[in-house]
Amino acid sequence: MTLKPPALPSDLATMTLEEAVLSAVETEETVSGALFEGDALSGVDAAMLDFSRCVFHRVRFEPCEVDRVHFSDCRFEACDLSGFQFREGTLNRVAFDNCRTSGALFSRMCLRDARFERCQLNYASFVDCKLQAVAFEDCQMAHALLHGCRQKGLALDRCELTQAEFIETRLEGVDLSSCPLEGLRTSQSCLAGTTVDLSQAPAVLALFGIRVRL
């Protein structure tokens, strides 16, 4: 699937994340065109955070009290977002590469042209999200949850989905054939229209109490 990559400027300005966020909260402006490296974000209490055309490299995002978060044309490289809460906002043309996102919450977010590659997403939750042109590639997603999500153009390639849960999230058109599905928790209506490999048939049939004798 072809996704639009982040449109990043060639001359990013190196900034301190805490100073940039404090200034943005005070002025209610967007943080734009910045490179944050080896930094951390913690203890922020704000109505909204808005980042555009930024790169985050080895940045640690600790749980904050932010009502809405927006990231557009941003790239996250080897960042730690474990337990961070993305709420009531957007991820537009955003790439996550080799990031720890275990236990993160994406609640009522709109994701468009978003790519997660080689990321740890175990126990991550996507709740009431809109997923349009979103790709997960080579990700660990054991015990991950997608609840009440609407998707168009969702891709799951070589992702570990052991004991993941898809609730009220229709996966029509999604190819699951490269993903381990042992212990997957979902319903027949959610799986309708998906593609699986023949070797996955026992795991899929087990969802509905059907045992395969080999």
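To be clear, the structure that these remarks concern was listed above.
Predicted, not measured: the structure shown is a model, and the values here were computed from it. (Residues numbered from 1 in each chain as written. Predicted model: local features only at pLDDT ≥ 70, side-chain atom pairs only at ≥ 80, totals over all residues. Heavy atoms only, no water.)

## Some details on the environment of Gly-103
The line we're drawing: Secondary structure elements are defined from DSSP: runs of H or I of at least 4 residues count as helices, runs of E of at least 2 residues count as strands, and each element is numbered from the N terminus. Residues are treated as being in contact if the distance between any of their heavy atoms lies within 4.5 Å.
Here Gly-103 shows up in the loop between β10 (90–97) and β11 (105–107). In this structure the C-alpha to C-alpha distance between Gly-103 and Ala-124, which are 21 residues apart in sequence, comes to 4.2 Å. Leave out the neighbours within four places in its chain, and Gly-103 touches Gly-83, Asn-122, Tyr-123 and Ala-124.

## Thoughts on the side chain of His-70
For clarity, the cut-off: Under this definition, polar contacts are N or O atom pairs within 3.5 Å; protein pairs additionally need one hydrogen-donor-capable and one acceptor-capable atom, and for neighbouring residues in sequence, both atoms have to be side-chain atoms.
You can see His-70 is positioned in strand β8 (residues 65–77). Here Thr-90 takes part through its side chain, which lies 3.0 Å from a polar atom of the side chain of His-70.

## Observations concerning the packing of aromatic side chains
As a reminder, the rule being used: Here a Phe, Tyr or Trp ring, Trp counted by its six-membered ring, pairs with any other such ring whose centre lies within 6.5 Å, and the pair is stacked when the planes are under 30 degrees apart, edge-to-face when over 60, and tilted otherwise. A simple rule labels every residue: compare its accessible area, found with a 1.4 Å probe on the protein chains alone, to the largest value its type can have, and call it buried under 20%, exposed over 50%, or partly exposed in between.
Counted according to the given criterion, the structure contains 21 aromatic pairs. Ring centres 5.3 Å apart and planes at 70° place the aromatic pair Phe-71 and Phe-76 in the edge-to-face group. By the burial criterion, Phe-71 is buried, and Phe-76 matches it. Aromatic side chains Phe-86 and Phe-96 sit 6.5 Å apart centroid to centroid with 85° between the ring planes, which places their arrangement in the edge-to-face category. You can see Phe-86 sitting in strand β9 (residues 85–87) and its partner Phe-96 sitting in strand β10, a full ten residues away along the chain. Both residues of the pair, Phe-86 and Phe-96, count as buried.

## A short note on the pairing of strand β12 (residues 110–117)
Threshold: Strand pairing is assigned whenever DSSP identifies at least 2 bridges connecting the two strands.
When β10 meets β12, the two strands line up parallel, connected through seven bridges. If you follow Asp-97 over to β12, its bridge partner there is Glu-117. Bridge count for β12 against strand β14 (residues 130–137) is seven bridges, and the pairing is parallel. What sits directly across from Arg-112, in β14, is Gln-132.

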